[in-house]
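Here's the letter readout for the chains.
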Amino acid sequence: MKTGLVLEGGASRTIFTCGILDALLENGIYINYVAGASAGISYGVSYLSKQIGRNHKITEMYMSDKRYMGASNMFKKGNRSYYGLDFVFGEIPSKLLPYDFEEYKRSGENGFGAVTNIETGETEYMRVLAADKKWTVLRASCALPLLFQPIKINGMYYMDGGITDSIPFKYALDSGFDKVIVVLTRPRGYKKSPEKLANLIKVTYPKYPKLAEAIRNRHLMYNRETEELSRLESEGKALVLAPERDYGISRLENDPKILLPYEKEGHDYAVRNLERIREFLRED
(Lines give C-alpha, C1' and ligand atoms only; values in the text may rest on other atoms or scores of the structure.)
Protein backbone atom coordinates (compact mmCIF):
# COMPACT_ATOMS: atom_id res chain seq x y z
CA MET A 1 0.00 0.00 0.00
CA LYS A 2 1.37 3.39 -1.02
CA THR A 3 0.35 6.56 0.80
CA GLY A 4 0.64 10.10 -0.55
CA LEU A 5 0.44 13.40 1.28
CA VAL A 6 -1.96 16.05 -0.03
CA LEU A 7 -1.98 19.67 1.16
CA GLU A 8 -4.77 22.17 0.67
CA GLY A 9 -3.78 25.78 0.01
CA GLY A 10 -5.15 28.83 1.77
CA ALA A 11 -2.32 31.39 1.67
CA SER A 12 -1.56 32.49 5.25
CA ARG A 13 -4.00 29.94 6.71
CA THR A 14 -1.60 27.25 5.55
CA ILE A 15 0.63 28.02 8.53
CA PHE A 16 -1.57 25.43 10.30
CA THR A 17 -0.20 22.86 7.86
CA CYS A 18 3.38 23.92 8.67
CA GLY A 19 2.85 22.91 12.29
CA ILE A 20 1.57 19.50 11.22
CA LEU A 21 4.49 18.93 8.83
CA ASP A 22 7.09 19.80 11.46
CA ALA A 23 5.43 17.47 13.97
CA LEU A 24 5.52 14.64 11.41
CA LEU A 25 9.23 15.14 10.75
CA GLU A 26 10.04 15.44 14.44
CA ASN A 27 8.38 12.07 15.01
CA GLY A 28 10.03 10.27 12.11
CA ILE A 29 7.03 10.32 9.77
CA TYR A 30 8.23 11.09 6.26
CA ILE A 31 6.03 10.55 3.20
CA ASN A 32 8.07 10.95 0.06
CA TYR A 33 5.30 12.46 -2.06
CA VAL A 34 3.43 15.74 -1.72
CA ALA A 35 0.70 17.04 -4.00
CA GLY A 36 -0.57 20.47 -3.12
CA ALA A 37 -2.24 23.61 -4.33
CA SER A 38 -1.01 27.14 -3.78
CA ALA A 39 0.64 27.62 -0.37
CA GLY A 40 0.14 23.91 0.29
CA ILE A 41 2.87 22.89 -2.13
CA SER A 42 4.95 26.00 -1.38
CA TYR A 43 5.21 25.01 2.27
CA GLY A 44 5.23 21.31 1.45
CA VAL A 45 8.59 21.38 -0.32
CA SER A 46 10.31 22.18 3.01
CA TYR A 47 8.82 18.96 4.36
CA LEU A 48 10.25 17.04 1.42
CA SER A 49 13.69 18.54 2.06
CA LYS A 50 13.30 17.57 5.75
CA GLN A 51 13.95 21.13 6.98
CA ILE A 52 12.17 21.22 10.33
CA GLY A 53 11.30 24.76 11.40
CA ARG A 54 12.12 26.42 8.08
CA ASN A 55 8.54 27.57 7.45
CA HIS A 56 8.34 28.76 11.06
CA LYS A 57 11.41 30.93 10.56
CA ILE A 58 10.03 32.38 7.32
CA THR A 59 6.86 33.37 9.14
CA GLU A 60 8.68 34.73 12.18
CA MET A 61 11.33 36.68 10.29
CA TYR A 62 9.81 37.76 6.99
CA MET A 63 6.01 37.51 6.72
CA SER A 64 5.52 41.02 8.10
CA ASP A 65 8.25 42.41 5.86
CA LYS A 66 6.86 44.61 3.07
CA ARG A 67 9.23 42.87 0.69
CA TYR A 68 7.31 39.66 1.37
CA MET A 69 3.78 40.98 0.97
CA GLY A 70 2.09 44.33 0.74
CA ALA A 71 0.24 46.61 -1.67
CA SER A 72 3.45 48.48 -2.57
CA ASN A 73 4.65 45.39 -4.44
CA MET A 74 1.74 45.81 -6.88
CA PHE A 75 3.38 48.95 -8.27
CA LYS A 76 6.89 47.57 -8.70
CA LYS A 77 7.88 47.12 -12.33
CA GLY A 78 8.50 43.49 -13.10
CA ASN A 79 6.55 42.33 -10.04
CA ARG A 80 2.98 43.71 -10.16
CA SER A 81 1.87 41.27 -7.47
CA TYR A 82 0.88 41.62 -3.83
CA TYR A 83 3.77 39.36 -2.89
CA GLY A 84 7.35 40.30 -3.66
CA LEU A 85 7.98 37.38 -5.98
CA ASP A 86 11.76 37.60 -6.25
CA PHE A 87 12.05 38.08 -2.50
CA VAL A 88 9.72 35.20 -1.56
CA PHE A 89 10.79 32.73 -4.23
CA GLY A 90 14.32 33.97 -4.81
CA GLU A 91 16.15 35.79 -2.05
CA ILE A 92 14.69 33.82 0.88
CA PRO A 93 15.33 30.28 -0.45
CA SER A 94 18.68 31.11 -2.07
CA LYS A 95 20.22 33.42 0.57
CA LEU A 96 18.30 34.30 3.71
CA LEU A 97 16.93 30.88 4.73
CA PRO A 98 18.56 28.55 2.19
CA TYR A 99 16.45 25.75 0.83
CA ASP A 100 18.19 22.38 0.69
CA PHE A 101 17.84 21.78 -3.05
CA GLU A 102 20.29 18.87 -2.88
CA GLU A 103 18.27 16.99 -0.27
CA TYR A 104 15.12 17.61 -2.27
CA LYS A 105 16.86 16.26 -5.37
CA ARG A 106 18.10 13.18 -3.49
CA SER A 107 14.56 12.56 -2.23
CA GLY A 108 13.34 12.18 -5.82
CA GLU A 109 11.77 15.61 -6.39
CA ASN A 110 8.32 14.28 -5.52
CA GLY A 111 6.59 17.61 -5.05
CA PHE A 112 3.69 18.28 -7.42
CA GLY A 113 1.85 21.57 -7.69
CA ALA A 114 -1.64 22.12 -9.03
CA VAL A 115 -1.86 25.09 -11.42
CA THR A 116 -4.77 26.52 -13.41
CA ASN A 117 -4.34 27.06 -17.15
CA ILE A 118 -6.11 30.41 -17.56
CA GLU A 119 -6.89 29.78 -21.24
CA THR A 120 -8.56 26.39 -20.77
CA GLY A 121 -9.78 26.87 -17.20
CA GLU A 122 -8.46 23.39 -16.41
CA THR A 123 -6.08 22.08 -13.76
CA GLU A 124 -2.60 20.92 -14.70
CA TYR A 125 -0.16 19.25 -12.35
CA MET A 126 3.52 20.08 -12.54
CA ARG A 127 6.51 18.57 -10.84
CA VAL A 128 8.58 20.98 -8.76
CA LEU A 129 12.15 20.60 -10.00
CA ALA A 130 15.28 21.27 -7.96
CA ALA A 131 16.92 22.78 -11.03
CA ASP A 132 14.29 25.53 -11.16
CA LYS A 133 15.81 27.90 -8.62
CA LYS A 134 13.13 30.50 -9.43
CA TRP A 135 10.37 28.16 -8.21
CA THR A 136 8.26 28.83 -11.31
CA VAL A 137 5.70 26.13 -10.52
CA LEU A 138 5.29 27.43 -6.96
CA ARG A 139 4.81 30.97 -8.25
CA ALA A 140 2.11 29.78 -10.64
CA SER A 141 0.35 27.63 -8.06
CA CYS A 142 0.19 30.60 -5.65
CA ALA A 143 -0.84 33.22 -8.24
CA LEU A 144 -4.12 34.45 -6.77
CA PRO A 145 -6.33 36.35 -9.24
CA LEU A 146 -6.26 40.13 -8.80
CA LEU A 147 -3.20 39.85 -6.52
CA PHE A 148 -0.78 38.24 -8.98
CA GLN A 149 0.03 38.49 -12.65
CA PRO A 150 -0.34 35.22 -14.58
CA ILE A 151 2.86 33.14 -14.60
CA LYS A 152 4.24 31.97 -17.94
CA ILE A 153 5.43 28.36 -18.22
CA ASN A 154 6.35 26.80 -21.57
CA GLY A 155 4.46 29.47 -23.48
CA MET A 156 1.22 29.13 -21.50
CA TYR A 157 -0.11 31.27 -18.64
CA TYR A 158 -1.13 29.88 -15.27
CA MET A 159 -2.62 31.03 -11.98
CA ASP A 160 -3.57 29.62 -8.57
CA GLY A 161 -4.12 25.86 -8.64
CA GLY A 162 -6.74 26.21 -5.92
CA ILE A 163 -9.12 27.77 -8.44
CA THR A 164 -9.75 24.42 -10.11
CA ASP A 165 -8.41 21.83 -7.65
CA SER A 166 -8.11 23.08 -4.08
CA ILE A 167 -7.31 19.65 -2.61
CA PRO A 168 -5.58 17.50 -5.26
CA PHE A 169 -6.20 14.10 -3.68
CA LYS A 170 -7.69 12.67 -6.88
CA TYR A 171 -4.46 13.45 -8.69
CA ALA A 172 -2.48 11.59 -6.01
CA LEU A 173 -4.76 8.56 -6.23
CA ASP A 174 -4.65 8.63 -10.03
CA SER A 175 -0.84 8.78 -9.80
CA GLY A 176 -0.73 5.31 -8.27
CA PHE A 177 -1.22 5.88 -4.56
CA ASP A 178 -3.62 3.62 -2.74
CA LYS A 179 -4.55 6.11 -0.05
CA VAL A 180 -3.81 9.65 1.07
CA ILE A 181 -3.27 11.74 4.15
CA VAL A 182 -4.95 15.08 3.48
CA VAL A 183 -4.23 18.25 5.45
CA LEU A 184 -6.97 20.87 5.23
CA THR A 185 -6.83 24.51 6.26
CA ARG A 186 -10.57 24.75 6.92
CA PRO A 187 -12.47 22.84 9.64
CA ARG A 188 -14.43 19.74 8.77
CA GLY A 189 -17.86 20.60 7.49
CA TYR A 190 -16.80 23.91 5.98
CA LYS A 191 -18.81 24.85 2.90
CA LYS A 192 -17.40 27.36 0.47
CA SER A 193 -19.70 30.16 -0.71
CA PRO A 194 -19.75 31.68 -4.21
CA GLU A 195 -16.84 34.02 -4.94
CA LYS A 196 -17.91 37.60 -4.19
CA LEU A 197 -15.34 39.02 -6.62
CA ALA A 198 -16.31 36.79 -9.55
CA ASN A 199 -17.67 39.68 -11.64
CA LEU A 200 -14.60 41.82 -10.98
CA ILE A 201 -12.35 38.95 -11.99
CA LYS A 202 -14.37 38.48 -15.17
CA VAL A 203 -13.83 42.14 -16.06
CA THR A 204 -10.15 42.04 -15.12
CA TYR A 205 -9.40 39.05 -17.35
CA PRO A 206 -11.68 39.56 -20.37
CA LYS A 207 -9.49 37.42 -22.63
CA TYR A 208 -9.89 34.39 -20.39
CA PRO A 209 -13.59 33.52 -20.02
CA LYS A 210 -12.77 29.94 -18.96
CA LEU A 211 -10.83 31.32 -15.99
CA ALA A 212 -13.80 33.46 -14.96
CA GLU A 213 -16.13 30.47 -15.30
CA ALA A 214 -13.83 28.31 -13.14
CA ILE A 215 -13.80 30.98 -10.44
CA ARG A 216 -17.57 31.34 -10.59
CA ASN A 217 -17.92 27.56 -10.07
CA ARG A 218 -15.10 27.17 -7.58
CA HIS A 219 -17.38 26.76 -4.56
CA LEU A 220 -19.16 23.89 -6.27
CA MET A 221 -15.86 22.17 -7.04
CA TYR A 222 -14.58 22.65 -3.49
CA ASN A 223 -17.73 21.37 -1.81
CA ARG A 224 -17.76 18.29 -4.06
CA GLU A 225 -14.16 17.59 -3.13
CA THR A 226 -14.80 17.72 0.61
CA GLU A 227 -17.81 15.44 0.20
CA GLU A 228 -15.69 12.98 -1.78
CA LEU A 229 -13.00 13.13 0.90
CA SER A 230 -15.53 12.15 3.54
CA ARG A 231 -16.51 9.13 1.47
CA LEU A 232 -12.89 8.09 0.96
CA GLU A 233 -12.23 8.45 4.67
CA SER A 234 -15.17 6.18 5.49
CA GLU A 235 -13.63 3.60 3.11
CA GLY A 236 -10.23 3.82 4.78
CA LYS A 237 -8.61 5.41 1.73
CA ALA A 238 -8.06 8.83 3.25
CA LEU A 239 -7.05 10.28 6.58
CA VAL A 240 -8.11 13.90 6.98
CA LEU A 241 -6.27 16.27 9.31
CA ALA A 242 -8.08 19.59 9.76
CA PRO A 243 -8.36 22.52 12.16
CA GLU A 244 -10.81 21.81 14.93
CA ARG A 245 -12.44 25.22 14.56
CA ASP A 246 -12.30 28.34 12.43
CA TYR A 247 -9.52 30.50 13.84
CA GLY A 248 -10.45 33.49 11.68
CA ILE A 249 -7.08 33.71 9.93
CA SER A 250 -7.39 35.69 6.69
CA ARG A 251 -5.45 34.50 3.68
CA LEU A 252 -3.40 37.73 3.68
CA GLU A 253 -2.61 37.79 7.40
CA ASN A 254 1.06 38.69 7.93
CA ASP A 255 1.40 39.21 11.69
CA PRO A 256 3.61 36.50 13.23
CA LYS A 257 1.93 37.07 16.60
CA ILE A 258 -1.32 35.85 15.03
CA LEU A 259 0.12 33.22 12.70
CA LEU A 260 2.59 31.40 14.95
CA PRO A 261 0.00 30.40 17.58
CA TYR A 262 -2.04 28.94 14.71
CA GLU A 263 1.04 27.02 13.59
CA LYS A 264 1.33 25.65 17.13
CA GLU A 265 -2.31 24.56 16.93
CA GLY A 266 -1.38 22.50 13.87
CA HIS A 267 1.69 21.06 15.60
CA ASP A 268 -0.23 20.13 18.74
CA TYR A 269 -3.08 18.66 16.70
CA ALA A 270 -0.63 16.39 14.85
CA VAL A 271 1.00 15.28 18.10
CA ARG A 272 -2.39 14.39 19.56
CA ASN A 273 -3.15 12.35 16.46
CA LEU A 274 0.23 10.63 16.00
CA GLU A 275 -1.08 7.17 16.79
CA ARG A 276 -3.97 7.60 14.36
CA ILE A 277 -1.51 8.69 11.67
CA ARG A 278 0.86 5.81 12.37
CA GLU A 279 -2.01 3.33 12.33
CA PHE A 280 -3.10 4.63 8.93
CA LEU A 281 0.46 4.21 7.63
CA ARG A 282 1.02 0.80 9.22
CA GLU A 283 -0.17 -1.12 6.18
CA ASP A 284 2.51 0.43 3.96
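Attention in this report is confined to the structure presented alongside it.

1. Focus on the state of the cysteines
When the sulfur atoms of two cysteines share a covalent bond, that bond is a disulfide.
And then number 1: One pass over the full model with this rule turns up 0 disulfides.
And then number 2: Here Cys18 stays free of any disulfide, with the sulfur of Cys142 as its closest cysteine sulfur at 12 Å.
And then number 3: Taking the relative accessible area as the measure of exposure, Cys142 reaches 10% and is therefore buried.

2. Topic: the packing of aromatic side chains
Any aromatic ring pair is given by two values, namely how distant the centres are and how the planes are angled relative to each other.
And then number 1: Taken as a whole and assessed by the stated rule, the structure comprises 17 aromatic pairs.
And then number 2: Consider the rings of Tyr83 and Phe148, whose centres lie 5.5 Å apart with planes at 35 degrees: the pair is tilted. Of this pair, Tyr83 sits in the loop between α3 (54–62) and α4 (85–96) while Phe148 is found in the loop between α6 (136–141) and β5 (151–153), placing the two residues 65 residues apart along the sequence. By the burial criterion, Tyr83 is buried, and Phe148 matches it.
And then number 3: With a centroid separation of 6.1 Å and 55 degrees between ring planes, the pair formed by Phe112 and Tyr171 is classed as tilted. Here Phe112, found in strand β3 (residues 111–117), pairs with Tyr171, found in helix α7 (residues 169–174); they are 59 residues apart in sequence, far enough to count as distant.
And then number 4: Aromatic ring contacts, followed pair by pair, group Tyr33, Phe112, Tyr125, Tyr171 and Phe177 into a single cluster.
And then number 5: A cation over a ring is seen here: Lys2 above Phe177, with NZ or CZ 4.7 Å from the ring centre.
And then number 6: The ring of Tyr222 has Lys192 lying over it, and the distance from NZ or CZ to the ring centre is 4.9 Å.

Here is what the cut-offs are and how they apply
- Residues numbered from 1 in each chain as written.
- Predicted model: local features only at pLDDT ≥ 70, side-chain atom pairs only at ≥ 80, totals over all residues.
- Heavy atoms only, no water.
- Disulfide = S-S within 2.5 Å.
- Buried < 20%, exposed > 50% of the residue type's maximum accessible area, 1.4 Å probe, protein only.
- Phe/Tyr/Trp six-rings, centres within 6.5 Å; stacked < 30°, edge-to-face > 60°.
- Helix = DSSP H or I, 4+ residues; strand = E, 2+ residues; numbered from the N terminus.
- Lys NZ or Arg CZ within 6 Å of the ring centre and 35° of its normal.

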